[in-house]
Amino acid sequence: MKLHINIHKERCKGCGICVEVCQTGVLVLSEKKNERDCNIPEVVAMDECINCRMCEMFCPDFAIWVTEEEEEAA
Ligand code: SF4
Ligand code: SF4
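Peer 1: Hey, could you run me through the site of ligand 1 in this one?
Peer 2: Ligand 1 sits among 14 residues. The nearest are Cys22, Val26, Cys49, Cys52 and Cys55. Grouping the constituent residues of the shell around ligand 1 by class yields eleven nonpolar, two polar and one charged.

Peer 1: Explanation requested: the nonpolar core in the structure shown.
Peer 2: Soluble globular proteins tend to pack their nonpolar side chains together in the buried interior. With ten residues, the main nonpolar core is built from Cys12, Cys18, Cys22, Val26, Leu27, Ile40, Cys55, Cys59, Ala63 and Ile64. Setting aside its immediate chain neighbours within four residues, Ile64 contacts Ile5, Asn6, Ile7, Cys18, Pro41, Cys55, Glu56 and Cys59.

Peer 1: Honestly, the pairing of strand 2 (residues 27-33) in this entry has me stumped. Any pointers?
Peer 2: Pairing between strand 2 and strand 3 (residues 39-43): four bridges, direction antiparallel. Paired with Leu29 across the two strands is Pro41, which belongs to strand 3.

Peer 1: It is not clear to me how the environment of Lys2 should be interpreted in this structure. Could you clarify?
Peer 2: Relative to the assigned elements, Lys2 resides in strand 1 (residues 2-7). Sequence separation between Lys2 and Ile64 is 62 residues; the distance between their C-alpha atoms is 17 Å. Apart from residues lying up to four places away in sequence, Lys2 is in contact with Glu69 and Glu71.

Peer 1: Explanation requested: unusual backbone geometry in the structure shown.
Peer 2: Generally, phi is negative for residues other than glycine and the peptide bonds are trans, each holding for most cases. Unusually for a residue other than glycine, Asp37 sits at a positive phi of about 70 degrees. Along the chain, the position of Asp37 falls in the loop between strand 2 and strand 3. A positive phi is found at Phe62, a non-glycine position, where the angle reads about 50 degrees. Position of Phe62 relative to the elements: it lies in the loop between helix 2 (54-58) and strand 4 (64-69). By the C-beta count within 10 Å, which is 10 here, Phe62 ends up exposed.

Criteria and thresholds
Residues numbered from 1 in each chain as written. Chains lettered and ligands numbered in written order. Predicted model: local features only at pLDDT ≥ 70, side-chain atom pairs only at ≥ 80, totals over all residues. Near = placed C-beta within 6 Å. Nonpolar A, V, L, I, M, F, W, Y, C, P; charged D, E, K, R; others polar. Core = buried A, V, L, I, M, F, W, Y, C linked by C-beta atoms within 7 Å. Buried ≥ 20, exposed ≤ 12 C-beta atoms within 10 Å, placed from the backbone. Contact = placed C-beta atoms within 7 Å. Pairing = 2+ DSSP bridges. Helix = DSSP H or I, 4+ residues; strand = E, 2+ residues; numbered from the N terminus.

Function cannot be read off these values alone, since they describe shape.
See below:
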């Protein structure tokens with residue numbers, strides 16, 4: 001299974017909680033802003049994700065969640 005971090009940009013308020021609770025440095029708060037002028041998180045180290053779902057559990061706005069995808073057949 002391949003992990004994927006989904007970010008709903010317009011729900012995000014740029015609080016940075018997801019970045020703080022991720023213990024493996026997958027996320028950073030980027031310079032990119034949504035329409036509410038909030039800096040949104042960005043995935044910078046997807047390979048470090050351990051699927052703990054802390055980002056998902058702690059996001060107050062349900063703006064980030066993890067999904068598992070089937071690996072593409074080689
Ligand atoms: S699932 Fe865990 S390791 Fe992966 S991005 Fe979220 S907090 Fe970080
Ligand atoms: S915890 Fe949620 S609202 Fe806060 S920066 Fe992360 S995705 Fe955005």
